[in-house]
Amino acid sequence: MSPAEREGDVLTARDLYRFYRAGEEETLALRGVSLRVRRGETLAVTGPSGSGKSTLLACLAGLDEPEGGVVHVAGERLSHRPEADRARIRARRIGILLQSGNLLAHLDLRANIRLAHTAARTPRPTPSALLDQVGLHGRGAALPRELAGGELARAGLAVALANDPDVLLADEPTGELDGTTEQRILELLRERAHNGAAVLLVTHSAEVVRIADRVIALRDGRSLP
Ligand SMILES: Nc1ncnc2c1ncn2[C@@H]1O[C@H](COP(=O)(O)OP(=O)(O)OP(=O)(O)O)[C@@H](O)[C@H]1O
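Calculation rules
- Residues numbered from 1 in each chain as written.
- Predicted model: local features only at pLDDT ≥ 70, side-chain atom pairs only at ≥ 80, totals over all residues.
- Heavy atoms only, no water.
- Core = buried A, V, L, I, M, F, W, Y, C linked by side-chain atoms within 4.5 Å.
- Buried < 20%, exposed > 50% of the residue type's maximum accessible area, 1.4 Å probe, protein only.
- Helix = DSSP H or I, 4+ residues; strand = E, 2+ residues; numbered from the N terminus.
- Contact = heavy atoms within 4.5 Å.
- Salt bridge = Lys/Arg side-chain N within 4 Å of Asp/Glu carboxyl O.
- UniProt positions renumbered as here; feature names shortened; annotations may be inferred.

An unreviewed UniProt entry lists the chain under the name ABC transporter ATP-binding protein, with Streptomyces noboritoensis given as the organism.

Once that is clear, we can look at the nonpolar core. Most often, soluble globular proteins have nonpolar side chains that are buried together. With 31 residues, the main nonpolar core has Ile113, Leu157, Leu168, Leu189 and Leu201 as its most contacted residues. Contributing elements (two or more residues each) for this core: α4 (109-117), α5 (127-133), α6 (149-160), β7 (167-171), α7 (179-194), β8 (198-202) and α8 (206-211). Among residues more than four places away in sequence, those in contact with leucine 201 are Thr42, Leu43, Ala44, Val45, Ala170, Pro173, Leu189, Val208 and Ile211. Judged by nonpolar contacts, the second largest core, of 29 residues, contains Ala13, Leu60, Leu169 and Ala198.

Before going further, it helps to spend a moment on unusual backbone geometry. Of note in the backbone geometry, aspartate 15 takes a positive phi value of approximately 55° without being a glycine. By secondary structure assignment, the location of aspartate 15 is in strand β1 (residues 9-22). At glutamate 172, a position not held by glycine, the phi torsion is positive, near 45°. Among the structural elements, glutamate 172 can be located in the loop between β7 and α7.

Further remarks concern the pattern of salt bridges. One pass over the structure, following the stated rule, counts 19 salt bridges. Residue arginine 18 is joined to glutamate 67 by a salt bridge in which the shortest nitrogen-to-oxygen separation is 2.8 Å. Placement of the pair is arginine 18 in strand β1 and glutamate 67 in the loop between α2 (53-60) and β4 (68-73), with a sequence separation of 49 residues. By relative accessible area, which is 13% here, arginine 18 ends up buried. For glutamate 67, a relative accessible area of 38% gives the class partly exposed. Residues arginine 190 and aspartate 213 are paired through a salt bridge, measuring 3.7 Å at the closest nitrogen-oxygen approach. With a gap of 23 residues between them, arginine 190 in helix α7 and aspartate 213 in the loop between α8 and β9 (214-219) connect regions that are remote in the sequence. Since its relative accessible area comes to 22%, arginine 190 is described here as partly exposed. Connected via shared salt-bridge partners are Glu65, Glu83, Arg86 and Arg90.

Attention shifts here to the UniProt feature "domain: ABC transporter" (unreviewed entry) in the chain. In the numbering used here, UniProt assigns the "domain: ABC transporter" (unreviewed entry) feature to residues 11-224. Secondary structure content for residues 11-224 is 32% helix and 29% strand, and the end C-alpha separation is 19 Å.

Pasting the structure below:
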């Protein structure tokens, strides 16, 4: 166990820099962002469009590599490692809920969950237990296109939880959902944190910010004091 983990930090990012280059054009999407999320804690990241939230989330998930700085997950360095190492850590430790959705369209819900089980640690929750947890009892054979918007969001959360993650990262988890589904999703996220995960939510929603223990505001790739 690393010193950071002994202190309860499950997710840490130190001094992250990310540049995008398109021809002559250079965008500094992250300019030295640091954060830490402890076991059982929910952190909300807010900020206007273009402030770097999605870039930050991608770096924290190991889906993108920062040019500078370092990310640790459960005491293990995630950044500046080969993609295969990052994929292994992600599969074992991280649950991700993206706005673009995390379900494969041609697989039913049970198969989507089983796919997320690949390379996860054991024991892991069964597809039916996960679907029950998110209120989709008996819907394992449904295809994503057969679900309504709120059901789809809950199915996405079931997949994000399939590897029993230490870190749960979510980009606008309640997006366009109706109030009841939003409350249900927020309850499930809180429950996850209470069960010991570190939860980080990128959001514009005041409701989501309300359930967070702490909030970080980004502006132009920097976190405001
Ligand atoms: N692939 C890319 N190539 C070039 N520039 C990019 C790329 N992705 C993001 N950017 C730029 O980096 C900056 C941060 O973008 P990012 O998507 O992280 O912001 P955001 O806060 O998530 O915005 P939104 O709330 O609209 O999703 C923006 O100026 C954006 O145009």
